[in-house]
Amino acid sequence: MSVQFFLQQCLIGLTNGALIALVALGYTMVYGIIGLINFAHGDLIMLGACLALTLVGALGLAAAGPAATWMGIILLVVLCGLFCGGLNVAVDRLVYKPLRTAPKLAPLVSAIGVSFIFMNVGLFWLGPSDRSFPELLPSTNLLGGEGLQVTWKDLLVLLVVAPLMVGLTLLVRTTRLGRAMRAVCQDPTAAALVGIDVDRVIAATFFIGGFLGGAASVIYGLYINTIGFQMGFQNGLYAFTAAVLGGIGSIPGAVLGGVVIGLVRALSSAYVSERWTGGIVFAILIVILVFRPEGLLGKRVKEKV
Amino acid sequence: MKPNPFAGAAGSPLLDVDRVTVRFGGLVAVSELDLDVPQGSIVSVIGPNGAGKTTAFNCISGIYPPSAGSVRFKGRRLERSFSAATFARAMGVGLLTGLLFAAAAVDVDRLWMAVVKRGMITGEPFTAAGAMDRLRGYFRAELAIDQMAGKWRVVSADGAEVLAIKRDLTEARRVRDALQAAVTARRIGPGTVPDSTDLATTPEPAASAPELPKLKEELLDRLAAGKRNVRWRGWAGLLAGWLLGTAGTIAVWQRGRRSPHVVARAGISRTFQNVRLFHNMSVLENVLVGLDRTIPGGVLAMLLRTPANRRGEDVARGRALEELEFVGLTGDAGRIAGQLPYGDQRRLEIARALATGAELLLLDEPAAGMNPSETVQLTGLIERIRNRGVTVLLIEHHMNVVMRISDRVAVLDHGIKIAEGTPAEIKRDEKVIEAYLGSEG
């Protein structure tokens, strides 16, 4: 149990956490804007991974040279992002929008339904057994030697996730759309009454959440190397937990929650046991929610009268 | 200041509320309200609490639709118009629904099984021609072979009927061919071929003639009938889904056709009785939200900060500062809206509403919770708003405000308009006095 081992686990936790955070953002943004827990988000990412796998095959990336591989990965991230974003918007338009004024439970149950539909499409696409995602990146140690292992895969996760998160933060903080999103989050009626097209802002939110999810799906495939039609459920659950832990509705909260859960998972499987990981993660969630029901960075919401 | 395009248009009022009724379940909140707001005037609506004033405002600003009657602004109803694009979109959604229905009607999973999957199982390379062959075979209900638990099965093309199970692939093929011949003969009908489904006519009358399973007559009939009706089921599904999807989409669209943002974009803006600012955002940002649609550029333009987008932001920022100056909040632009004193929050809300370029401003009790000096300031502000060419419709309880600035006053009680006139007329009206003071005796 050396320091180096500990650092190695932290690195694994960080990369895993970044991945979880990317998915958690999709949950937290949609929740923030329409108060819906989008249960279909995990399965949306599974479909993104399906597309990624198909595209890897179609583009012949497994046999490409290094430069082509990197170009291909960027292309995959963009295409899968657009695919998941577009699909998310379509689902919002077809399923959630007609239920906008319905009681909160109606869109929630519909989201579960959409999740099942996605899962079955995935079953159709991938088949019932897990599929291996080709190793596109060499797993040589970038630091060299026998010490800490940092591979291209670890770097890839951070290289893709960091700019996306910076971009998202800039978008929300400084642009017109971000302003409109924050306004709709706080008071959709008031926003509509000063001329904001609330449905468009909601659609944009679904698109951004879906785009991040699509990017996450590609990285998931490249990093974990195994995808299956049921991957959406478990990963969605962890990401949702991360969003709740960080304070659902809060964007920095989702990132923090993702990293915390990633680290806890990595460290508990290294130092305790793989089998206890889930238990430990959720025990920590319970403890934190007992003392901070609004999550780590969430704001206490006063019920509107 | 904004030029006023309707300055000369006498006759029709800017806002025409025509016999509007709002019901919530059995409760009638507003009953047959008639109200005209002429261009460039200040009209007040007064009445005891619960008289339906705010309900009328919500109805005008599109938060909920009137149960009966209509609201006209500049002579037209504030609704999204039913355009060809709307219809095309509805048809598109309908088509999607239709395809789903059709897929369900033709058993798309079995079709997939027959056309794509089975080829993979038997190890043939996938070709378009092969797939077309299998597709035709599916509709003709030809027999096929697939694999289950290591054994070869002779099945109907849709996989619904299992006719025989063999250990050996060649054996299975032979059985398939024999049975197929029997089915084909039945399809063509007696008379066209010798009335024997004799196995001697099968392609491989080899020494090791396969042992044929005994098939029931009705099964043979069913197989011979093929899946021709599947096509009709598919078309019917497509049509039914298309109609249903289109109608449903239009119904949903209909529900949202008079939404608040349509009203706001047409030129009506409002403030709320309990101030509804975006509390976590800065004062300037609050006003900028009101200017949102004046800034050009989509998501990509925003992220890349294209010159057009940046110029738009700059212009909007300038206009926002002008509005803040107009209401007297210049120094507070950078503060968080929720931290302003109450009176300032009200003025910020007015600035945000004005920023939308509204021609009609609905103010819902702007003086509530203000002290006398703030109230005087507010009165001046409302007059200045009118002088800018913005028409004001006001709900207010402070009678000195109402009586001083209103051109006309309407009085509501229990959802019914009991009086309307100039402030002087209203002061003398007996029904109004009764409503406010209660009837004597």
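Residues numbered from 1 in each chain as written. Chains lettered and ligands numbered in written order. Predicted model: local features only at pLDDT ≥ 70, side-chain atom pairs only at ≥ 80, totals over all residues.

J.: Can you lay out the confidence of the model for chain B for me, pointing to particular residues and giving the numbers?
T.: Residues and elements named next belong to chain B. Taken as a whole, chain B shows an average pLDDT of 82; of its residues, 90% reach a score of 70 or greater. A low-confidence stretch, residues 1–10 stays under pLDDT 50, and its non-local contacts, those more than four residues away or across chains, total eleven contacts. Ignoring residues within four places in sequence, the model shows residues 191–207, a span with pLDDT below 50, making 16 contacts including any to other chains. Among the scores for the predicted complex, ipTM is 0.83 and pTM is 0.83. (pLDDT = per-residue confidence, 0-100. Contact = placed C-beta atoms within 7 Å.)

J.: An account of the interface of chain A and chain B is requested, with residue identities and associated values reported.
T.: Contact with chain A, which involves 24 residues of that partner, is made by 29 residues of chain B. At the level of elements, α5 (152–174), α6 (176–186), α7 (188–193) and α8 (198–224) of chain A are the ones that each hand at least two residues to the side of chain A that touches chain B. Ranked by residue count, the leading element in the side of chain A that touches chain B is α6 of chain A, at seven residues. (Helix = DSSP H or I, 4+ residues; strand = E, 2+ residues; numbered from the N terminus.)

J.: Any chance you could break down the domain arrangement of chain B for me, citing the residues and the numbers?
T.: Each domain of chain B was delimited in the assignment, giving domain 1 (37–63 + 258–437) and domain 2 (90–233). On a C-alpha basis, the centres of domain 1 of chain B and domain 2 of chain B stand 72 Å from each other. (Domains from an automatic or database assignment.)

J.: An account of the sheet that holds strand β2 (residues 27–37) of chain B is needed here, citing residue identities and associated values.
T.: All names here are of chain B. Pairing in this open sheet of four strands is antiparallel, and the strands run β2-β1-β4-β5 from one edge to the other. Because the sheet does not close on itself, it has two edges, and the strands there are β2 and β5 (76–77). Taken together, the five bridges between strand β1 (residues 15–24) and strand β4 (residues 68–73) define a ladder with antiparallel strand orientation. If you follow threonine 21 over to β4, its bridge partner there is alanine 68. Across the sheet, helix α1 (residues 53–60) touches β1, β2 and β4, and the angle it forms with β2 is around 65°. (Pairing = 2+ DSSP bridges. Axes fitted to C-alpha atoms, helices over the stretch in contact; angles between N-to-C directions.)

J.: Mind laying out helix α4 (residues 128–139) of chain B, listing which residues take part and the relevant values?
T.: Given 3.6 residues per turn, any residue in an α-helix points the same way as the ones three and four places further on. Under the 1.5 Å per step criterion, the end-to-end length of α4 of chain B is 17 Å for twelve residues, consistent within 8% with the ideal 16 Å. Just downstream of α4 of chain B, alanine 141 of chain B is the residue with a positive phi angle, here 55°. (Expected span 1.5 Å × (residues − 1).)

J.: Quick one: what's the story with the pairing of strand β13 (residues 416–421) of chain B, residue by residue and with numbers?
T.: Where strand β12 (residues 408–413) of chain B lies against β13 of chain B, five bridges are found, and the strand directions are antiparallel. The partner of valine 411 of chain B across the bridge, within β13 of chain B, is alanine 419 of chain B.

J.: Give a description of the sheet that holds strand β6 (residues 143–148) of chain B that names residues and reports values.
T.: Residues and elements named next belong to chain B. The strand order β6-β7-β8 describes an open sheet built from three strands, whose pairing is antiparallel. Each of the sheet's edge strands pairs with one partner strand only, and the pair in question is β6 and β8 (162–166). Along the sheet, successive strands turn relative to each other by an average axial angle of 25°, direction set aside. Sheet analysis places β6 next to strand β7 (residues 151–156), joined by six bridges and oriented antiparallel. Of the residues in β7, the one forming a bridge with alanine 144 is valine 155.

J.: Quick rundown of the nonpolar core? Include the residues and the values.
T.: Within the largest apolar cluster, 170 residues are counted, with the highest numbers of intra-cluster contacts made by Leu22 and Ala215 of chain A. For this core, the leading source of residues is α8 of chain A, giving 15 residues. Every residue in contact with leucine 22 of chain A, bar those within four places of it in the chain, is listed here: Val161, Leu164, Leu212, Ala215 and Ala216 of chain A. Membership of the second largest hydrophobic core comes to 26 residues, among which are Val115, Trp152, Ala157 and Ala164 of chain B. (Core = buried A, V, L, I, M, F, W, Y, C linked by C-beta atoms within 7 Å. Buried ≥ 20, exposed ≤ 12 C-beta atoms within 10 Å, placed from the backbone.)

J.: So, the environment of aspartate 197 of chain A: which residues are in play, and what are the values?
T.: All names here are of chain A. Structurally, aspartate 197 is set in the loop between α7 and α8. Exposure remark for aspartate 197: the 20 C-beta atoms within 10 Å place this residue in the buried category. Along the sequence, aspartate 197 and valine 184 sit 13 residues apart, while their C-alpha atoms lie 9.5 Å from each other.

J.: I'd like a rundown of unusual backbone geometry, residues and numbers included.
T.: Residue and element names in this part refer to chain B. Positive phi outside glycine occurs at glutamate 32, with the angle close to 45°. Residue placement: glutamate 32 occurs in strand β2. In this structure, lysine 74 is a non-glycine residue whose phi angle is positive, near 50°. Checked against the element boundaries, lysine 74 lands in the loop between β4 and β5. The exposure class of lysine 74 is partly exposed, given the 19 C-beta atoms found within 10 Å.

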